[in-house]
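What follows is the residue order along each chain.
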Amino acid sequence: MTGGFCLAAAALFYLDTENILPWALLACALHESGHYAVTRLAGGGVAYFRLTAVGGDLGLDPARPLGYAGEMAAILAGPTVNLLCASLCARLGGGGETGLLFAGLNLALGCFNLLPIWPLDGGRLLLLILTGLIPIHWAERTVRGCSALAAGLLLTGGLRLLGDGGGNFTLLLAALWLLAGMLQRRFPKRKGQKSGRKRDFL
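Residues numbered from 1 in each chain as written. Predicted model: local features only at pLDDT ≥ 70, side-chain atom pairs only at ≥ 80, totals over all residues. Heavy atoms only, no water.

**Focus on the environment of Gly78**
Tracing the backbone through its elements, the reader meets Gly78 in helix α3 (residues 68-92). With relative accessibility at 0%, the residue Gly78 sits in the buried group. A C-alpha to C-alpha distance of 8.1 Å links Gly78 and Asp121, two positions 43 residues apart in sequence. When residues no more than four places from it in sequence are discounted, the contact partners of Gly78 are His31, Gly34 and His35. (Helix = DSSP H or I, 4+ residues; strand = E, 2+ residues; numbered from the N terminus. Buried < 20%, exposed > 50% of the residue type's maximum accessible area, 1.4 Å probe, protein only. Contact = heavy atoms within 4.5 Å.)

**Some points on the confidence of the model for the chain**
On average, residues of the chain score 81 in pLDDT, and 86% of them reach the 70 mark or higher. Across residues 198-202, confidence stays below pLDDT 50; counting only partners more than four residues off in sequence or on other chains, it has 20 contacts. (pLDDT = per-residue confidence, 0-100.)

**Overview of the packing of α3 against helix α4 (residues 96-113)**
Two elements in contact, α3 and α4, have axes whose closest approach is 8 Å; the angle formed by their N-to-C orientations is 155°. Compared by their axis directions, α3 and α4 come out roughly antiparallel. The chirality of how α3 crosses α4 is left-handed. Contacts between α3 and α4 involve Pro79, Asn82, Leu83, Cys85, Ala86, Cys89 and Ala90 from the first element and Gly99, Phe102, Ala103, Asn106, Leu107, Leu109, Gly110, Cys111 and Asn113 from the second. A class-by-class count of the residues in the contact of α3 with α4 yields 11 nonpolar, five polar and no charged. (Axes fitted to C-alpha atoms, helices over the stretch in contact; angles between N-to-C directions. Parallel < 35°, antiparallel > 145°, perpendicular 65-115°, else oblique. Left-handed = near helix turned anticlockwise from the far one by under 90°. Nonpolar A, V, L, I, M, F, W, Y, C, P; charged D, E, K, R; others polar.)

**Some words on the UniProt feature "domain: Peptidase M50" (unreviewed entry) in the chain**
Here the UniProt-annotated "domain: Peptidase M50" (unreviewed entry) positions come out as residues 101-133. Secondary structure over residues 101-133 splits into 73% helix and 0% strand, and the C-alpha atoms at its two ends are 40 Å apart. (UniProt positions renumbered as here; feature names shortened; annotations may be inferred.)

**Things to note about α3**
Its 25 residues place the ends of α3 36 Å apart at the C-alpha level, agreeing with the 36 Å of an ideal helix rising 1.5 Å per residue. Along its length, α3 shows its largest kink, about 40°, at Ala77, and proline Pro79 lies within four residues downstream of that point. Along α3, the residues classified as buried are Tyr68, Gly70, Glu71, Ala74, Ile75, Ala77, Gly78, Pro79, Asn82, Cys85, Ala86 and Cys89. Tucked inside the fold, the buried residues of α3 contact α2 (21-41), α4 and α5 (121-131). (Expected span 1.5 Å × (residues − 1). Bend = angle between axes of the 7 residues up to and from the residue.)

Okay, here's the thing in structure tokens:
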């Protein structure tokens, strides 16, 4: 757990006047549990799990790497858990406002993580697919460009919403958070891969 995470958590706790943060943290815990469970079921090892100001960072054990299908399943597991939980909460409807709140948080988290922006799950999935089709350095450049474009659109939308939406800065903060994550997170170095070669699907 980094110092940046502690500062971000303290700020969110201070700003949370509607008691949303505990439910949001539970949705995040379900998300990361999905990644962890499928990684282990697919035969991969987890070397560490770190909480930072820009999200959770689950590091794979290089001695127990995942295959292509296993890695794709592990990436998709987090958003899938959130979307299934959102669907279940919405269908049951027995929790009243709290149940609908939890369903909405899971839906937002699942869909948000599928955006093609590095280091979100959507960006990781895009990089995984591209490295099986084109040389790795071109795949990384493509993902960087796609991430910058998508984050830029979110930033523009956040500024527009801030001006027209009566001071709503949620989307703007999300866009800035994504830009910070893009700057801090490097692309993974894969064992046995050279920058000029494409990844073997097997």
